[in-house]
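Here's the letter readout for the chains.
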Amino acid sequence: MMAEDGRLRAVVALAQAMAAARTPRESWRAAALGACDALAGSFAALSVWERELGRLKVLVNAGERAPGEEEFPESETYPVDRFSEITEFLHERWAGGGEPDAWVETVEGPASAGHGYCHQRVSALRRRRRGCCVVAPIVLHGRAWGELYVARALGAPVFDRDDADFATVLASVVAAGIAQTERLEEVRTLAFTDPLTGLANRRAVDIRLDEALERHRTDGSVVSLVVCDLNGLKSVNDTHGHAVGDRLLERFGSVLSLCGAMLPGALAARLGGDEFCLVWIGPAADDVVRVADELCVRSGELELGEGVACGVASTGDPIGEVRSARRLFRLADAAQYRAKAARSPKPVVAGRDGTVIRLADAPPRSPHERRTFRSVRPEDAGEPWSEP
């Protein structure tokens, strides 16, 4: 009973500390310190899943920090493809209607079977001389938001199942506090985020592309755009209903975020409907093509849908001068159309497929529609359009 009373007081103290916070940083620090104290840990961190960038970003490190760990790190991030439980194991559990549960890792590996064991976390424990950690997913509005991480020093008692269950409770309290803090940022978030998938939206893409192409004009940086169309969404909606179709869109958004993480700094976005894209500034177009190929493979493994049609346009390929985002979009759209018309399991790349540039240069049938390629018959896809 005394232990239960102590944990109840810890929950109340955590909630009060977060409620008293006046800034996001104060809220993050209160969450980490409160959880660390409640679980008798030596260190705690709070991280957010930046879906559009495909990475876990550490917001705060609290307690006994190891050399090199900053309290509020500006650039401590981890690609989610290195911590796949946030997009695979945990997502499947939430999608199945279950509750998110915390799990324990030790320097020897997993403390128990059936959880998101990740060898990168074990390596980090050893490197920072910590004996064990408990990882609790943070869920807001039914979607993965990030995670709460609490560790103990080497030699301290290892977290047990009761500690993991309590960490799950603490994570829900942290989620409520974060929700209160995030209301202050809600207007800005809505302006640049797709509400269904949590990815960036078209407005964010336009801004990023304009900035990227300005860099391209200034210093020759390679700008790449991947445009993809999720195949079979209409069939899923018609057969299973729009709620299932929305889940497919969300699931593909997670896959896109995961693949985007393989391109550091890439922006993953939903343009609308079943259309998505990746924007990247990087040294080589080949890197983007490899990621687009991986995206096609992973999309084909989804339980629903019929994979993805993927087109790539990069200033690193022989596509001619690119003065505007509109031009890059037309090239990527043309490549994507070619992929869809041919039912290609791989991405089609502008400048590497001889028909794409001719298709992009054909005059549109409607000046008000960006997606003009769908009106072309597949058998005519290799020929430029003529004026009606």
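Not measured: the values here are computed from a predicted model. Think of each chain on its own: its residues are numbered from 1, step by step along the sequence as written. Only residues with pLDDT of at least 70 get local features here, since the model is predicted, and only at 80 or more are side-chain atom pairs given and counted; chain-wide, interface and lining totals rely on the full set of residues. In computing side-chain values, all of the structure's heavy atoms are included and hydrogens and water are not.

J.: Pulling in residues and values, what's your account of the sheet that holds strand E9 (residues 267-272)?
T.: Read from one edge to the other, the open sheet built from 5 strands follows the order E9-E10-E8-E11-E12, with strand pairing classed as mixed. A strand with exactly one partner marks an edge of an open sheet, and here the two such strands are E9 and strand E12 (348-349). By the bridge criterion, 2 bridges tie strand E11 (residues 308-314) to E12 in an arrangement that is parallel. Paired with glycine 311 across the strands is valine 348, a residue of E12. Of the strands in this sheet, strand E8 (222-230), E9 and strand E10 (275-282) are in contact with helix H7 (residues 202-219), which crosses E9 at around 130°. On the sheet, helix H9 (residues 242-260) packs against E8, E9, E10 and E11 and is oriented at approximately 10° with respect to E10. Strands are labelled as partners when DSSP assigns at least two bridges between them. The helix and strand labels rest on DSSP assignments: H or I over at least four residues marks a helix, E over at least two residues marks a strand, and numbering proceeds from the N terminus. Whether two residues are in contact is decided by their heavy atoms: any pair within 4.5 Å suffices. To get an axis, a line is fitted to the C-alpha atoms, and for a helix only the part in contact is used. The angle between two axes follows their N-to-C directions and goes from 0 to 180 degrees.

J.: Before we move on, could you go through the nonpolar core and cite the residues and values that matter?
T.: Ranked by internal contacts, the top residues of the largest apolar core, which has 39 residues, are Leu46, Val134, Ile138, Leu148, Leu170 and Val174. Broken down by secondary-structure element, the contributors of at least two residues to this core are helix H1 (2-20), helix H2 (24-38), strand E1 (43-50), strand E2 (55-63), strand E6 (130-140), strand E7 (143-153) and helix H5 (161-182). No other element matches H5, which puts 10 residues into this core. Residues within four places of leucine 170 in sequence aside, it is in contact with Val11, Leu14, Ala35, Ala38, Leu39 and Leu148. For this analysis, a nonpolar core means a set of buried residues of the types Ala, Val, Leu, Ile, Met, Phe, Trp, Tyr and Cys, connected via side-chain atoms within 4.5 Å. To sort residues, take the accessible area from a 1.4 Å probe on protein chains only and compare it with the maximum for the residue type: under 20% means buried, over 50% means exposed, and anything in between is partly exposed.

J.: Describe in detail the side chain of glutamate 105, supporting the description with residues and values.
T.: Inspection of the secondary structure assignment puts glutamate 105 in strand E4 (residues 103-106). Side-chain atoms alone can form a polar contact between residues adjacent in sequence; in general such a contact is a pair of N or O atoms within 3.5 Å, and within protein one must be able to donate a hydrogen while the other accepts it. Within the local environment of glutamate 105, its side chain forms a polar contact with the side chain of tryptophan 103, the two groups lying 3.0 Å apart.

J.: Account for the pairing of E2, with residues named and values stated.
T.: Successive side chains on a regular strand alternate, one facing one side of the sheet and the next facing the other. Where burial is concerned, most of E2 is hidden: 7 out of the 9 residues are buried. As paired strands, E1 and E2 are joined by 8 bridges and run antiparallel to one another. Bridge assignment links phenylalanine 43 to a residue of E2, and that residue is glycine 63. Counting the residues in the hairpin turn of E1 and E2 gives 4 residues, including glycine 54, whose phi is positive at 65°. Pairing analysis gives 3 bridges linking E2 to strand E3 (residues 77-79), with the strands arranged antiparallel. What sits directly across from arginine 55, in E3, is proline 79.

J.: If you had to explain the packing of aromatic side chains to someone new, which residues and values would you point to?
T.: Only the six-membered ring of Trp is used, alongside the rings of Phe and Tyr, when aromatic pairs are assigned; centres must lie within 6.5 Å, and planes under 30 degrees apart are stacked while those over 60 apart are edge-to-face, with the rest tilted. Applying the stated criterion to the full structure yields 2 aromatic pairs. Ring centres 6.3 Å apart and planes at 75° place the aromatic pair phenylalanine 43 and tyrosine 149 in the edge-to-face group. With phenylalanine 43 in strand E1 and tyrosine 149 in strand E7, this residue pair connects regions lying 106 residues apart in the sequence. You'll find phenylalanine 43 and tyrosine 149 in the same group, each marked buried. Arranged with centres 4.8 Å apart and planes meeting at 75°, the rings of phenylalanine 252 and phenylalanine 276 form a pair that is edge-to-face. Taken together, the residues span a long stretch of sequence, with phenylalanine 252 in helix H9 and phenylalanine 276 in strand E10 at a distance of 24 residues. A single burial state applies to phenylalanine 252 and to phenylalanine 276, both of which are buried. Here, over-ring charges are defined by two tests on the NZ atom of lysine or the CZ atom of arginine: distance to the ring centre within 6 Å, and angle to the ring normal within 35 degrees. The ring of tryptophan 49 carries the charged tip of arginine 51 above its face, separated from the ring centre by 4.0 Å. Here the basic side chain of arginine 202 rests over the ring of phenylalanine 329, its NZ or CZ set 4.4 Å away from the ring centre.

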